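Below are the chains, spelled out letter by letter.
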Amino acid sequence: MTPPPVPATLALPTPQSGGLACRHCGLAFIGSGDFCCRGCENVFTLLNASGLGEYYDIREGAYCFQPPQPVSWKGEAFGHLDSPEVRAVYVTPQGEARFFVEGIHCVACLWLLERLPRLVPGIRSCRLDVSQSLLTLTLEAGAALAPIAAFIQGLGYRPHALPADQDAEELQKREQKRALLRLGLAAACTGNIMLMAVPLYGGATGAFGQLFRWLSLVIYLPVAFWGAVPFYRTALGALRSRQMNIDVPIALAIVVGSLVSTFNLFTGSPHIYFDSLAALVFLLLASRYYLRQVQLRSARSSQLLQSFFAPIAHRLADGTAYDVPPELLKVGDLVRVDNGERLPADGVVREGASQLNAAWLTGEHLPVAVKAGDAVHAGTVNEGPAFVLEVGKLLGESRLGQILAQLEREARSPIIGMTDRVSRHFLTVVLVMAVGIFLAFAATHPAEGLNRALSLLIVTCPCALALATPLTFSYALARAYRKGYVVKSGEALERLSQVRSVFFDKTGTLTHGELVVEGLTHVAGDPLRNRRLLLTLEQSSLHPIARAIRHHLEGESTLPVEGLEEQVGVGLRGRVEGRMLEVKAVPDPASVHTCVGLLEDGLLLTRVVLRDRLRSEAPSVVQALREAGCEVAILSGDARPVVAALAREVGLPESQALAALSPEAKHARVEAAPFSLMVGDGANDALALRKAHVGVAMHGGMDLSLKVADVYLSHPDLGALVDLLVLGRETRKVLWRNFGLSIAYNLVGGIAALGGWINPLAAAVIMPLSSITVLLSSTLSTREVRRRFKEAA
Amino acid sequence: MSVVLILLPLALLLALGFVLGFVWSVKKDQYEEGDTPAIRMLIDDSKPE
């Protein structure tokens, strides 16, 4: 078979001079051979063996919607998907299953995945939604899910099964469909009524005039009785709870307008407003449909992200491990916890010894050693070898479960939006004035009074507020979304504009959250030999320090070693060239960082300093936030010297670096500060994220943080914070600008209506004109926003 | 002007036709998702094997 040509599109980077391009993923790599990694090679072989080599032809020059990535070879087991209790979670009674598939990037991916029914038995049909990376499969009765998931993984993607929460989703879908139908119908009716209105404005009289008027009524009926129903419903709801909302005057204008117009039609008066009313309903429905669509999309992406973290427990029975979701564990069950996994329950170590990272509880990123008989907590991460855990408490009773439950209980108190507050007063004034003008004329000319009151209601109809506010929010949310900032609601955006203090978590937020070697100091011996000795000892340990050292010494060779052993919680030792070598902690009182040393027969050869690296953009972001008038502080569970050193690095006074805080203390701090913004990632921040005025969860955070945060950043870039604060403030400006514009229009129109100088034509021109102005104002936003959120061409 | 009496019902019938077409397309999930179909049509039919 001829090798497929390397695609030469813009999206697929061509190899650097002298470099090679991987034959599967097309990315440049350093090394030899045809592939950048084993994963890519496996996928290439599988595709060609299954007669799917066409994949590469399709991909050549294909349109990529996401940059391609090498296959990450994480052989996951999916066997658990087919045990009856688990299967019920993922497969609907109709046999539908959904996967969130990581790694979809181009047309060829779409082609490949939609061929699944021909490749794997048991799939009836299959559909991929590329914008959400969502694969929906319809299974044949009784078909197994695990082989399908394994096959998708074999193709080089990472499938995450999504729990089938059918009811909620179906309901949303049905609602949106109905909203779209209403919108379409209102649009059609509006257009056709305008057709009738043109000859009327043009001066049609007599029999034809009456014909056009009657036809307007007929076409208007579906709008009044079906299209506008949502406004009646919310208005009634508001009135019942004795509140004022924007739908009250809208519904009132529609009802009164329809009645008056119909009355005028019967009495032969020329004042009918069916065209303006239909246009009003159509525009309002359109802006609300769009806002809802944007909100649903960001809600769905944060739901999909949560599926990344869906945990699995390996329950042991008769010596074999069965994978189950942690909710199905019972007290006394034995569970195997592998390296890198999160503990599914509180309990006691039964067999084996390991190191656990309790960063979510304490913020401390160095692991703690545990051995058989030790009590351990749910949510901590196993950073050492696999061990067996006996479940002591169910998830719901564990510390993690309790934090989760507390989060579920504390619903956010609703904050009344700014425009809502202002418009409430405005609306009351308009209503009082309308009633007033009607009463003033009621005794003498009731028809004239009704006309003027109605002109007032229509002309001052709070279009700018009702229409522009949702539109302004949805444009802002969509702008943020395209940059990878998932803002969960327009209300969150409004709260962003009020932020006065910003709190950062340390580990994983200001820093990268993983140790790297800062430097090696060779105290004695030959440096090259020392490096080799160090790598020799660290070659197989799973400890984060070992990983950092291996990364630092990559490419160095190892020496033969005898009796290499890891002493959990102490270090490593082994015999090389007949001498006893050790790597263990060598505390350095002069440094706040983690220090280990390489010792030969007890003599220190090399000192290694490791630290959690600061994100490069952190100091400039902190500076920008302070310039924007925000108070900035660090909240950390870590020890004081470490936190203080970090504060110096980002340019904060030591008084702003708060160390050794428990999750509860963190949330108390955040709660005490008014208009606070909390940025965090771990579960230990979840409470603080919820308590903050605005909670921002960083990329790589735990599912918990995602659930409670208002904003989720899909790339780990702190610069997003400055963007978001600007977006919040500028959006607020746009809202006020719209407000000013509509008030100006309303003052002119309102005075004219009260004075009775306005005719239907003028009202019909002023109303859409004011709407168009505020629409333009909302879409254009401000120059600052356009600059920061420039669309990638 | 009496031509209006023919044109008007015609125009309204036409409009009704489009509305029904729209209702049908919404019910058939044509607006469910707009991104993938735009890309799917770029894939050529498989070469004869």
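1. Things to note about the overall build of chain B
On a plain count of helices and strands, chain B comes out with two helices and zero strands. Counting every position in chain B, which comprises 49 residues, the buried fraction comes to 20%. Here chain B displays about 4000 Å² of accessible surface, and carbon together with sulfur accounts for 68% of that area.

2. Brief notes about the overall build of chain A
Counting secondary structure elements, chain A contains 28 helices and 28 strands. Taking all 793 residues of chain A together, the buried fraction comes to 52%. The contacts of chain A with a sequence gap of at least 6 include a subset with a gap of at least 24, amounting to 66%. Taken as a whole, chain A presents about 35000 Å² of accessible surface, with 58% of it coming from carbon and sulfur.

3. Here we look at the interface of chain A and chain B
Contact with chain A, which involves 29 residues of that partner, is made by 24 residues of chain B. Roughly 2300 Å² of surface becomes buried between chain A and chain B when both sides are summed, with 73% attributable to carbon and sulfur atoms. It is A:Lys177, A:Leu181 and A:Phe208 that lose the most area in chain A upon contact with chain B, and together they represent 24% of the buried surface on that side. Linking chain A with chain B are one salt bridge, by the criterion used here. Close ionic contact of B:Asp29 with A:Lys177 constitutes a salt bridge, the shortest N to O distance being 2.6 Å. Our count for the chain A to chain B interface comes out at two residue pairs in polar contact (both at pLDDT 80 or more). For the side of chain A that touches chain B, the secondary structure elements donating two or more residues are helix 2 (54-59), helix 4 (107-113), strand 4 (123-129), helix 7 (166-201) and helix 8 (206-227) of chain A.

4. Considering the pairing of strand 4 of chain A
Residues and elements named next belong to chain A. Bridge count between strand 4 and strand 5 (residues 134-139): six bridges; the pairing is antiparallel. Across the sheet, Ile123 pairs through a bridge with Leu139, a residue of strand 5. Where strand 4 hands over to strand 5, the hairpin turn is made up of four residues, of which Ser133 adopts a positive phi near 55°.

5. Comments concerning the nonpolar core
All names here are of chain A. Counting residues in hydrophobic clusters, the biggest one holds 52 residues, and the most contacted among them are Tyr55, Leu113, Leu116, Leu135, Leu137 and Tyr157. Sorting elements by how many residues they give to this core places helix 4 first, with seven residues. Those residues in contact with Leu135, other than ones at most four positions away along the chain, are Ala97, Arg98, Phe99, Val101, Leu113, Leu116, Cys126, Arg127, Leu128 and Ile152. By size, the runner-up hydrophobic cluster in this structure holds 47 residues, among which are Val499, Cys630, Ala659 and Val696.

6. A look at the sheet that holds strand 11 (residues 354-357) of chain A
The antiparallel open sheet is built from three strands, whose spatial order is 12-11-14 (chain A). A single partner strand is all that each edge strand has here, and the edge strands are strand 12 (368-370) and strand 14 (381-382) of chain A.

7. Considering the confidence of the model for chain A
Residues and elements named next belong to chain A. Across chain A, pLDDT averages 78, with 84% of residues at or above 70. The secondary structure element of chain A with the lowest average pLDDT is helix 12 (residues 359-362), at 60, and the one with the highest is helix 8, at 90. Below a pLDDT of 50 lies the segment residues 1-18, which in the model reaches 24 contacts outside its immediate sequence neighbourhood of four places, other chains included. In this model residues 411-416 is a low-confidence stretch, pLDDT under 50, and it forms 13 contacts with partners more than four residues away in sequence or in other chains.

8. Details of the sheet that holds strand 24 (residues 631-635) of chain A
All names here are of chain A. Taken in spatial order, the seven strands of this open sheet run 16-28-27-26-17-24-25, and their pairing is mixed. Each end of this open sheet is capped by a strand with a single partner; those strands are strand 16 (485-487) and strand 25 (657-658). Two strands pair when backbone bridges link them, and strand 17 (residues 501-505) and strand 24 are joined in this way by five bridges, in the parallel orientation. In the strand pairing of strand 24, Val502 is matched with Val632. Strands in contact with helix 26 (residues 719-755) are strand 16, strand 17, strand 26 (676-680), strand 27 (694-697) and strand 28 (711-713); relative to strand 16, the strand with the most contacts, it is inclined by about 45°.

9. Describing the pattern of salt bridges
All names here are of chain A. In this structure the tally under the stated criterion is 14 salt bridges over all chains. Of the charged contacts, one joins Arg350 and Glu390 as a salt bridge, the two residues approaching to 2.5 Å between their closest N and O atoms. Of this pair, Arg350 sits in strand 10 (residues 346-351) while Glu390 sits in strand 15 (residues 387-393), and the two are 40 residues apart along the sequence. Judged by its relative accessible area of 41%, Arg350 is partly exposed. We note a salt bridge from Arg495 to Asp710, for which the minimum N-O separation is 3.5 Å. On the criterion of sequence distance, the pair formed by Arg495 in helix 17 (residues 490-496) and Asp710 in the loop between helix 25 (703-708) and strand 28 is long-range, its members being 215 residues apart. You'll find Arg495 and Asp710 in the same group, each marked buried. Beyond isolated ion pairs, a larger network of salt bridges with shared partners links Arg529, Glu577, Arg579, Glu600 and Asp601.

10. A closer look at helix 26 of chain A
An ideal rise of 1.5 Å per residue puts 54 Å on 37 residues; helix 26 of chain A measures up with 54 Å between its terminal C-alpha atoms. The positive-phi residue at the C-terminal boundary of helix 26 of chain A is A:Gly756, with phi of around 80°.

11. Section: the environment of A:Gly347
Residues and elements named next belong to chain A. Of note, Gly347 is situated in strand 10. Using a relative accessible area of 8% as the deciding quantity, one classes Gly347 as buried. Along the backbone, Gly347 and Leu389 are 42 residues apart, and their C-alpha atoms lie at a distance of 6.4 Å. Not counting residues up to four positions away in its chain, the partners in contact with Gly347 are Asp374, Ala375, Val376, Leu389, Glu390, Val391 and Gly392.

12. So, the pairing of strand 17 of chain A
Residues and elements named next belong to chain A. Among the five residues that make up strand 17, five are buried, leaving the element largely enclosed by the rest of the structure. Alternating residues of strand 17 divide into Ser501, Phe503 and Asp505 and Val502 and Phe504, and every residue in both groups is buried. With four bridges joining them, strand 17 and strand 26 adopt parallel strand pairing. Bridge assignment links Val502 to a residue of strand 26, and that residue is Leu677.

13. As for the side chain of A:Ser777
Residues and elements named next belong to chain A. Positionally, Ser777 belongs in helix 27 (residues 760-780). For Ser777, the side chain forms a polar contact with the side chain of Asn738, separated by 2.5 Å. The contact partners of Ser777, leaving out residues within four places of it in the chain, are Val734, Arg737, Asn738 and Leu741.

14. A short note on the packing of aromatic side chains
All names here are of chain A. Inspection of the entire model under this criterion finds five aromatic pairs over all chains. Look at Trp214 and Phe266: their rings are 5.3 Å apart centre to centre, the planes differ by 85°, and that puts the pair in the edge-to-face class. One end of the pair, Trp214, is in helix 8; the other, Phe266, is in helix 10 (residues 247-267), with 52 residues separating them in the sequence. Three or more aromatic residues joined by ring pairs make a cluster, and in this case those are Phe44, Tyr55 and Tyr56. Here the basic side chain of Arg182 rests over the ring of Trp226, its NZ or CZ set 4.9 Å away from the ring centre.

15. Digging into a positive patch on the surface
Together, A:Arg174, A:Arg178, A:Arg233 and B:Lys27 make up a positively charged patch on the protein surface. Within the secondary structure, A:Arg174 is located in helix 7.

16. Examining a nonpolar patch on the surface
Residue and element names in this part refer to chain A. A grouping of Leu747, Val748, Ile751 and Trp757 is seen on the molecular surface, where their side chains present a nonpolar patch of about 500 Å² in accessible area. Looking at where Val748 falls in the secondary structure, it is placed in helix 26. Residue Val748 is classed as exposed on the basis of its relative accessible area of 58%.

17. Details of helix 9 (residues 229-240) of chain A
Residues and elements named next belong to chain A. The first and last C-alpha atoms of helix 9 sit 16 Å apart over twelve residues, in line with the 16 Å expected at 1.5 Å per residue. Among all positions of helix 9, only Val229, Phe231, Ala235 and Ala238 are buried. Two residues or fewer after helix 9 comes Arg242, characterised by a positive phi angle close to 50°.

18. Focus on unusual backbone geometry
Trans is the common state for peptide bonds, and a negative phi is the common state for residues other than glycine. Residues and elements named next belong to chain A. Unlike most non-glycine residues, Glu577 shows phi in positive territory, near 50°. Here Glu577 shows up in the loop between strand 20 (571-576) and strand 21 (579-585). Judged by its relative accessible area of 55%, Glu577 falls in the exposed class.

What counts and what doesn't
- Residues numbered from 1 in each chain as written.
- Chains lettered and ligands numbered in written order.
- Predicted model: local features only at pLDDT ≥ 70, side-chain atom pairs only at ≥ 80, totals over all residues.
- Heavy atoms only, no water.
- Helix = DSSP H or I, 4+ residues; strand = E, 2+ residues; numbered from the N terminus.
- Buried < 20%, exposed > 50% of the residue type's maximum accessible area, 1.4 Å probe, protein only.
- Areas by Shrake-Rupley, 256 points an atom, 1.4 Å probe, with all protein chains shown as cover.
- Contact = heavy atoms within 4.5 Å.
- Buried area = accessible area lost by both parts, 1.4 Å probe.
- Salt bridge = Lys/Arg side-chain N within 4 Å of Asp/Glu carboxyl O.
- Polar contact = N/O pair within 3.5 Å; in protein donor to acceptor, adjacent residues only side chain to side chain.
- Pairing = 2+ DSSP bridges.
- Core = buried A, V, L, I, M, F, W, Y, C linked by side-chain atoms within 4.5 Å.
- pLDDT = per-residue confidence, 0-100.
- Axes fitted to C-alpha atoms, helices over the stretch in contact; angles between N-to-C directions.
- Expected span 1.5 Å × (residues − 1).
- Phe/Tyr/Trp six-rings, centres within 6.5 Å; stacked < 30°, edge-to-face > 60°.
- Lys NZ or Arg CZ within 6 Å of the ring centre and 35° of its normal.
- Patch = residues over 30% accessible without salt bridge, like charges linked within 9 Å, V, L, I, M, F, W, Y side chains within 5 Å.
- Lys, Arg positive; Asp, Glu negative; His and termini not counted.
- Charge placed at Lys NZ, Arg CZ, Asp CG, Glu CD.

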